[in-house]
Amino acid sequence: MNAHRSAPAQTAIVWFRRDLRLTDNPALRHALEHAEKIVPLYVYAPDEERPWEPGAASRWWLHHSLSALDAGLRKIGSRLIVQKGPSATTLRRCIRDTGATLVCWNRLYEPAALKRDAELASALDDDGVSVEQSNAALWFEPGTILNGQQLPYRVFTPFWRTVEKQLPTLPAPSKAPRKLPPVPRGLSRIEIDDLALLPKIRWDDGLTRSWLPGEAGALKQLKQFSEHVASYPAGRDRPDRIETSRLSPHLHFGEIGPRQIVAALRHSAGAAAHTKGADSYLRQIGWREFAHHLLFHFPDTTDAPLDKRFAKQKWRRSAADLRAWQHGATGIPLVDAGLRELWRTGWMHNRVRMIAASVLTKNLQIHWLQGARWFWDTLVDADLANNTLGWQWVAGCGADAAPYYRIFNPVLQAKRFDPVRGYIRRWVPELARLPDRWIHQPWAAPAAVLQQAGVELDKTYPRPVLDLGESRKRALQVYSQLR
Ligand SMILES: Cc1cc2nc3c(=O)[nH]c(=O)nc-3n(C[C@H](O)[C@H](O)[C@H](O)COP(=O)(O)OP(=O)(O)OC[C@H]3O[C@@H](n4cnc5c(N)ncnc54)[C@H](O)[C@@H]3O)c2cc1C
């Protein structure tokens, strides 16, 4: 924390960004400890995040998350003041209108936000306004977890060993305030609806049925998940079941923080299977931590490979293949199921994300950024650090990346991780009547089997846009030349 001045303040602005919660919110806590009046402010300024301003699914989530935060604040006597950016002008206007002498916020770690916040903190300091910046999003500040040579880790396992050892030193999460002072009257503000975050053509039905954005939804989800965390290690790779926590959008928007997750899981630790499940789950959150630390140290990786050998890679351009992949029409059932799950619910199971990304970048040889961009627009958990790490890992050009020769075979993966093909049947219903033996590779099924199941290739379901074997060989050639 870095308060620039310590004089007691009368009014503090709490600038909410992606920390849309009341529990364990250090910026809010600091304001409460140092000011009598508190102004909870949200400034919508997507231009300041360019070229990674929130996509359509993220905007949908944000609308509901802001509404939930406002409702939570009203319950304890306050409310959310919503404004449109630019952030600097809006904050300064709010400071002028309220006479605030302290502004508190929780840090963001994306390159554009880091730059903006540094400039803003220095400008406010020049104006004589105190700024308090805290960490609500990560276990540890990026820059504090370094290897023996004081350099950032580029491989996950040693990073995790260091982080795991330090988890017990984390402070206990703070409780949500029971009461807040009322917001001063007459402040200029707009309605959340005025931000026009919801789609004009209402495609969001599936999202509404799948999610409960907001802090209460996050806490409920964590409680449910922690009760069956023991089955996480065995179940986390099964897309046909709900075995993972589905907390990713809640974590991205800061409706829950990673310290709360440690506290909840360690607190409820009991049987050995529970402890094993909790450890395996925390390791996965460790990947999130790793992704954020990496992005902090290597900010250009949002658009360029971390491993510079891959900068010269030649990619294929095919608008038709890209469109088929985006819309779940590649003719490869597991991949299509994943892309359709994404389109309908704003989320895709991690195992299927890896397979779908591998088919795009390796078999189809289409640039990983094209996939990252599509995910960015369609995922409710679209997160610059995690998405960059995920895509570069699969494409083989990132930190700790999958070796170039690991090219997922979607047919074998379906057999292994969707053993009764429940996932494919759910998302590709036109294949549902095919027997287990053929449903993950309908192109290989005998004509009579297809006919009996009502499948007509290229009419009811496409033939594959590629030959898995041939495209694998081509990808291996490309990668061996790059090395
Ligand atoms: C190509 C690709 C793109 C991805 N894009 C994103 C993204 O934009 N946003 C995002 O949050 N995750 C992304 N992931 C990581 C992962 O798929 C999701 O975090 C996970 O599926 C979310 O579901 P969950 O909350 O049920 O996960 P759980 O298995 O319950 O994991 C708990 C939490 O740990 C974190 N986590 C888990 N796995 C990873 C991982 N591999 N990398 C980083 N963090 C992880 C997430 O915050 C997640 O919520 C991507 C993975 C791939 C392969």
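Predicted, not measured: the structure shown is a model, and the values here were computed from it. (Residues numbered from 1 in each chain as written. Predicted model: local features only at pLDDT ≥ 70, side-chain atom pairs only at ≥ 80, totals over all residues. Heavy atoms only, no water.)

Taken N-terminus to C-terminus, the directions of helix H14 (residues 350-363) and helix H17 (residues 410-417) make an angle of 170°; their axes are 11 Å apart at the nearest point. As judged from the angle between their axes, H14 and H17 are roughly antiparallel. Only Pro410, Gln413 and Phe417 of H17 make contact with H14, whose side of the interface consists of Arg351, Ile355 and Val359. Along the lines of polarity and charge, the residues of the contact of H14 with H17 split into four nonpolar, one polar and one charged. (Axes fitted to C-alpha atoms, helices over the stretch in contact; angles between N-to-C directions. Helix = DSSP H or I, 4+ residues; strand = E, 2+ residues; numbered from the N terminus. Parallel < 35°, antiparallel > 145°, perpendicular 65-115°, else oblique. Contact = heavy atoms within 4.5 Å. Nonpolar A, V, L, I, M, F, W, Y, C, P; charged D, E, K, R; others polar.)

Where empty space is left in the structure can be found by rolling a water-sized probe over the atoms. Within this model, the largest pocket holds a volume of roughly 1,100 Å³. Arg236, Gln284, Trp287, Asn350 and Arg353 are the residues nearest the centre of the largest pocket, which is lined by 39 residues in total. Looking at which domains feed residues into the lining of the largest pocket, each of domain 2 (138-173 + 215-297) and domain 3 (308-482) supplies at least three. Of the pockets and cavities examined, the second largest pocket occupies roughly 450 Å³. Within the residue set of the lining of the second largest pocket, elements represented by two or more residues are strand E1 (11-16), strand E2 (37-44), helix H2 (56-75) and helix H4 (111-126). (1 Å grid on protein atoms, 1.4 Å probe; cavity = no way out; pocket = protein on both sides within 12 Å on 5 of 7 lines; lining within 4 Å. Points joined across faces, edges and corners; volume = space filled by probe spheres on them. Domains from an automatic or database assignment.)

Here His292 lies in helix H11 (residues 272-297). Of note is the side chain of His292, whose polar atom sits 2.8 Å from the backbone oxygen of Arg288. Setting aside anything within four residues of it in sequence, one finds His292 in contact with Leu138, Asp383, Ala385 and Asn386. (Polar contact = N/O pair within 3.5 Å; in protein donor to acceptor, adjacent residues only side chain to side chain.)

Moving on to the nonpolar core. Core analysis: the largest hydrophobic core is formed by 94 residues, its most contacted members being Trp139, Leu167, Ile261, Tyr281, Phe290 and Trp325. Take this core: its biggest share by element is nine residues, from H11. Counting residues domain by domain, this core receives three or more from each of domain 2 (138-173 + 215-297) and domain 3 (308-482). Not counting residues up to four positions away in its chain, the partners in contact with Phe290 are Tyr153, Arg154, Val155, Phe156, Phe159, Leu389 and Ala399. Within the second largest apolar cluster, 33 residues are counted, among which are Val14, Leu80, Leu180 and Ile192. (Core = buried A, V, L, I, M, F, W, Y, C linked by side-chain atoms within 4.5 Å. Buried < 20%, exposed > 50% of the residue type's maximum accessible area, 1.4 Å probe, protein only.)

Inspection of the entire model under this criterion finds 21 aromatic pairs. Relative to Trp105, the ring of Trp15 lies with its centre 5.1 Å away and its plane at 90°, an arrangement referred to as edge-to-face. Of this pair, Trp15 sits in strand E1 while Trp105 sits in strand E4 (residues 102-106), placing them 90 residues apart in sequence. Between Phe310 and Tyr479, the ring centres sit 6.0 Å apart and the planes meet at 50°, which makes this aromatic pair tilted. You can see Phe310 sitting in the loop between H11 and helix H12 (319-326) and its partner Tyr479 sitting in helix H21 (residues 468-482), a full 169 residues away along the chain. Each member of the pair, Phe310 together with Tyr479, is buried. Aromatic rings pair up to connect Trp139, Tyr153, Phe156, Phe159, Trp160, Trp287 and Phe290 into one cluster. (Phe/Tyr/Trp six-rings, centres within 6.5 Å; stacked < 30°, edge-to-face > 60°.)

Looking at the assigned domains, one finds that the protein chain contains domain 1 (11-135), domain 2 (138-173 + 215-297) and domain 3 (308-482). For domain 2 versus domain 3, the separation of C-alpha centres amounts to 27 Å. When domain 2 packs against domain 3, close to 1,900 Å² is buried across both sides, 61% of that on carbon and sulfur atoms. Of all residues in domain 2, the largest losses of buried area upon contact with domain 3 belong to Asp237, Pro239 and His252, amounting jointly to 29% of the total for that side. Between the two partners, domain 2 and domain 3, sit one salt bridge. For Arg351, the salt bridge goes to Asp237, with nearest N and O atoms at 3.1 Å. At the level of secondary structure, the elements contributing two or more residues to the side of domain 2 that touches domain 3 comprise helix H5 (156-166), helix H9 (248-252) and H11. A breakdown of the residues in the side of domain 2 that touches domain 3 according to their chemical character gives ten nonpolar, five polar and seven charged. (Buried area = accessible area lost by both parts, 1.4 Å probe. Salt bridge = Lys/Arg side-chain N within 4 Å of Asp/Glu carboxyl O.)

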